[in-house]
Amino acid sequence: MFESFTSAGVFIGTVLSVSLILAAAHWLLIKREPGIGNERLFSRQLIMLGLTIVGVLVCVFVLPISESSRNQLIALIGLLISGILAFSSTTIISNLMAGVLLRITKPFRVGDFIRIGEHFGRISERGLFDTEIQTEARELIALPNTYCISNPVTTIRSSGTIISASLSLGYDVEHRRVEQLLIEAAETCGLTEPFVHITELGNFAVTYRVSGLLEESKRLISMRSKLYGAVLDTLHQHGVEIMSPSFMNQRKISDETKVMPSTSPPTAVDAHGSSAEDIAFDKAELAERTELEKLKLKQEIEALKQTLDQPSDDEHKAVSLSIEQKLQQLKLIETKSTPADLKNAAAG
C-alpha cells in the first residue's frame, strides 16, 4: 500500500510539474508577445504542440498501473489521435501541412509580388493555415495554404521584372519606325534593355508589344502606367495615330486630318512623393522592411560575436556593449507594427 501511495504521489507531482512547464512555455512563447504576427508565431505553435504531446506521454509513463495497462493506454491515445486526424476537418490538417511545405520549398517570401490563381498582390504575412496578400486596392486577402500549393504561383523576382505594353497600329505606319519609337518610349520612362515584338498581323491592324526590364520591382504598378503614358506621348509627338483603320468617327474630316490630342511637355514628378505602391502595399512593405532589418541586425550580431576572441580587454567591453545594443534593437523591431516604430527602432 505504501508503494501505491508513493506511485500516486509521483503521478500527481508529475502532472503538476508538466502543467506548470506547459503553462510557462505557453506564456514565454505566445502570450508574452501577442503582436508578433503569424510569421514568427508559426514555429512557436509547433513547439507548443510538440511539448504538449511529450507532456501527455510523460504523464502516461508515470501512471501507477501495470505495464500491460500502460501499453493499452498508449495504444488508446494513439488511436484517439489518429481518429481526430481522420474525422476532424480535413481542411485544417491540409492547410497545416501545406503551411509546413511552403516553408520548406520557399516559393515566395514576405514582400514579394505574387499571382496565385485570380489573385495578385504582395505577401504581407504567412500564417499557420493561410497566407495573406495585399492587393492593389489595399485589401487584405487571406488565401488558404492548400490554395497556394494547388494553384500555380507566379513570383516576381526582387532583382527585376519585365513590364510590357501592347497596342495596335494600322498597316499604313512603317513597322521599323514604330519599333524605334516604342523603344524610345521605354527608355524615356526608365526601363533598361527595351525590345519590341510584333505579336499579331490582324486583318486591319498590326499588334506591337514593347517590353523593358524594371530593376526595382516594387514600382511595378506605377511604372507600368508610366510606360503607357510614355508610349502615348512619344507616338503622338511624332505624328503617329494610335488607332486601327477599323476606327469609325461620325465627324466629317479630311483625309489629311489626324485625330490626336495636343501634346504638352511632361511634368517632373517629385522623387520623394508617395507612389501608388506606397499607399496600396503599406502592410506588405512594412513586413518586408521588418524582415530585412532583422536579417541585417542578425548578421551584424554574428559578425561582432566572431570578433570577441580577437580584440584586447579594452575592446572586448565595447564589442559586448555593441552586441547588447543590437540585440535590444532586434527585440524592439520584432514587437513593433508601424513604420514610425520601425524607424525609431532602427535609429535607436
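Residues numbered from 1 in each chain as written. Predicted model: local features only at pLDDT ≥ 70, side-chain atom pairs only at ≥ 80, totals over all residues. Heavy atoms only, no water.

Of note, the phi angle at Lys 106 is positive, near 50 degrees, even though the residue is not glycine. Along the chain, the position of Lys 106 falls in the loop between α4 (90–105) and β1 (113–116). Phi angles above zero are rare outside glycine, and Glu 193 is one such case at about 50 degrees. Position of Glu 193 relative to the elements: it lies in strand β7 (residues 192–201). (Helix = DSSP H or I, 4+ residues; strand = E, 2+ residues; numbered from the N terminus.)

An order of β6-β8-β7 is seen for the three strands of this open sheet, with the pairing classed as antiparallel. Looking at strand neighbours, the two that pair on one side only are β6 (161–169) and β7, the edges of this open sheet. Ignoring which end each strand starts from, the neighbouring axes of this sheet average 20 degrees apart. In this sheet, strand β8 (residues 206–214) lies alongside β6 in antiparallel orientation, the contact comprising nine bridges. Of the residues in β8, the one forming a bridge with Ser 166 is Arg 209. Sheet strands in contact with helix α6 (residues 175–188) are β6, β7 and β8, and its direction is about 140 degrees off that of β7. Helix-sheet contacts for helix α7 (residues 220–237) involve β6 and β8, and the interaxial angle to β6 is about 35 degrees. (Pairing = 2+ DSSP bridges. Axes fitted to C-alpha atoms, helices over the stretch in contact; angles between N-to-C directions. Contact = heavy atoms within 4.5 Å.)

Confidence in the prediction of the protein, expressed as mean pLDDT, is 77, and 77% of residues score 70 or more. Taking the mean pLDDT of every element in the protein, the minimum, 47, falls on helix α11 (residues 339–347) and the maximum, 93, on α6. (pLDDT = per-residue confidence, 0-100.)

With that out of the way, let us pick up the nonpolar core. Counting residues in hydrophobic clusters, the biggest one holds 30 residues, and the most contacted among them are Leu 182, Leu 191, Tyr 208, Leu 227 and Val 231. Elements represented by at least two residues in this core include exactly β6, α6, β8 and α7. With seven residues, the top contributor of residues to this core is α7. Discounting residues that sit within four places of it in the chain, Val 231 has contacts with Leu 167, Leu 182, Ala 185, Val 210 and Ile 242. Counting 10 residues, the second largest nonpolar core, distinct from the first, contains Phe 108, Ile 114, Ile 123 and Ala 287. (Core = buried A, V, L, I, M, F, W, Y, C linked by side-chain atoms within 4.5 Å. Buried < 20%, exposed > 50% of the residue type's maximum accessible area, 1.4 Å probe, protein only.)

If you trace the five strands from one edge of the open sheet to the other, you get β4-β3-β2-β1-β5, paired in antiparallel fashion. Only two strands of the sheet have a single partner each, and these edge strands are β4 (140–144) and β5 (153–156). On average, each strand axis in the sheet is tilted by 40 degrees relative to the strand beside it, whichever way the strands run. Alignment of strand β3 (residues 130–134) against β4, held across five bridges, turns out to be antiparallel. Bridging across to β4, Thr 131 finds its partner in Leu 143. Where helix α9 (residues 282–306) meets the sheet, it contacts β2 (119–126), β3 and β4, and its direction lies at approximately 45 degrees from that of β2.

Let's shift gears to the pattern of salt bridges. Scanning the entire structure with this criterion turns up three salt bridges. A salt bridge links Arg 109 to Asp 112; the shortest N-O distance between them is 3.9 Å. For Arg 109, a relative accessible area of 34% corresponds to the partly exposed category. Taking the relative accessible area as the measure of exposure, Asp 112 reaches 9% and is therefore buried. Glu 216 serves as the salt-bridge partner of Arg 219, at 4.0 Å between the closest nitrogen and oxygen. Note on Arg 219: relative accessible area 25%, which makes it partly exposed. According to the relative accessible area criterion, Glu 216 is partly exposed, its value standing at 46%. (Salt bridge = Lys/Arg side-chain N within 4 Å of Asp/Glu carboxyl O.)

This part takes up the packing of α6 against α7. Their axes nearest at 8 Å, the elements α6 and α7 cross at an angle of 135 degrees. Relative to α7, α6 is oriented oblique. In this structure, α6 meets α7 at a crossing whose hand is right-handed. Mapping the contact onto sequence places Leu 181, Leu 182, Glu 184, Ala 185 and Ala 186 in α6 and Leu 227, Ala 230, Val 231, Thr 234 and Leu 235 in α7. (Parallel < 35°, antiparallel > 145°, perpendicular 65-115°, else oblique. Left-handed = near helix turned anticlockwise from the far one by under 90°.)

Right, let's get into the pairing of β1. Both β1 and β2 contribute to a ladder of four bridges, which runs antiparallel. Residue pairing for β2: Arg 115 is matched across the bridge by Phe 120. Where β1 hands over to β2, the hairpin turn is made up of two residues, of which Gly 117 adopts a positive phi near 60 degrees. Pairing geometry for β1 and β5, over four bridges, is antiparallel. The residue bridging Phe 113 from the neighbouring strand is Ile 156, located in β5.

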